[in-house]
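Results of the structural survey
Listed here are the chains, written in short residue letters.
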Amino acid sequence: MRFAKLFGLAIAVCAGCAVDNTSSVDQESHSWGGYHWARTSNPFTLKVGDNVDSRWDANLDTTVSDWSKSTVLDLTKVTGAAKGRCRGTTGRVEVCNDTYGNNGWLGIASISITGGTHITQGTVKLNDTYFNTAQYNTPAWRNLVTCQEVGHTLGLDHQDENFNNANLNTCMDYTNDPSTNQHPNQHDYDELVTIYSHTDSTTTVGMVATQGKQAGENPAEWGELMSSSHDGRTELYVNDHGGGELSVTFVTWAD
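Residues numbered from 1 in each chain as written. Predicted model: local features only at pLDDT ≥ 70, side-chain atom pairs only at ≥ 80, totals over all residues. Heavy atoms only, no water.

Quick word on the overall build of the protein chain
Put simply, the rule is: Labels follow the DSSP assignment, with helices taken as runs of H or I lasting at least four residues and strands as runs of E lasting at least two, numbered in each case from the N terminus. Throughout, a contact is declared for two residues whenever any of their heavy atoms are within 4.5 Å. Here the accessible surface of atoms and residues is derived via Shrake-Rupley with a 1.4 Å probe, and residues count as covered only by protein chains that are part of the display.
Helix and strand counts for the protein chain come out as five helices and nine strands. Along the protein chain, helices (α) and strands (β) appear in the sequence α-β-β-α-β-β-β-β-α-α-α-β-β-β when read from the amino end. Taking the intrachain contacts of the protein chain between residues at least 6 apart in sequence as the baseline, contacts between residues at least 24 apart amount to 73%. Accessible surface, the protein chain: about 9,700 Å² in total, of which carbon and sulfur atoms supply 48%.

What follows is the structure, encoded as structure tokens:
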């Protein structure tokens, strides 16, 4: 989860990789490489496309409500506009669920970047292949993963990537026990204030909906593995499309 000189961070979304990451996320600052939505004023409103079925409706509602408690941004749930198996649209975040297969991951958060740090679109994919199993088919696991992946699309990194540490009571914390890690905590809200403390001369929020360059659920589309947690349960990939456009993907692997 370190992207050379451009980003210098540590991140990912969960399990099974070979690269050892010797750095850890600084809990005092868990911005994701300075990535943020460009906007000209705060608070700003970001649309979240609802492409999930009834099994996920309550979890997405909770996540939208939780992140909207921030003083710098509001999320509003709208009808989904994702194409295919969750191809995103510019200016918003699309959240989808599907049986993406026995590929090892619970969820993926991907963002498209322009100008070095400006997010132009985000997608969240929730893998029903695993959430249909007894281990993960619980409100706690569904809330944690939905909350965390959407948090990434706002520009947040993890507060902690050690699954065996005591819970930090935030969905931006890795854990084997999601019971108390289903929602943001105050440190997440404080970090959003820091990330969005400045304004931009232009905006990427609410752009004309087009399909930009982005990664899909196939690892071949993710690009280069940039970092991994020490136990391999979190990974970050970057695909450089040229012309200043990147797609960055967090992968959360199943246990």
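Following the structure, the description resumes.
Quick look at the pattern of salt bridges
Filter applied, for reference: When a carboxyl oxygen of Asp or Glu is within 4 Å of a side-chain nitrogen of Lys or Arg, the pair counts as a salt bridge. Accessibility here uses a 1.4 Å probe with only protein chains present; expressed as a share of the type maximum, an area under 20% marks a residue as buried, one over 50% as exposed, and anything in between as partly exposed.
Overall, the coordinates contain nine salt bridges when judged by the stated rule. Among the ionic pairs, Arg 85 bridges to Asp 98, the shortest N-O distance being 3.5 Å. With Arg 85 in the loop between strand 3 (73-79) and strand 4 (93-98) and Asp 98 in strand 4, this pair connects stretches of sequence that are 13 residues apart. Residues Arg 87 and Glu 221 are paired through a salt bridge, measuring 3.2 Å at the closest nitrogen-oxygen approach. Here Glu 221 lies in the loop between helix 5 (186-195) and strand 7 (224-228) and Arg 87 lies in the loop between strand 3 and strand 4, a separation of 134 residues in the sequence. Of the residues examined, Arg 87 reaches a relative accessible area of 28% and is grouped as partly exposed. Via salt bridges that share partners, Asp 50, Asp 61 and Lys 77 belong to a single interconnected network.

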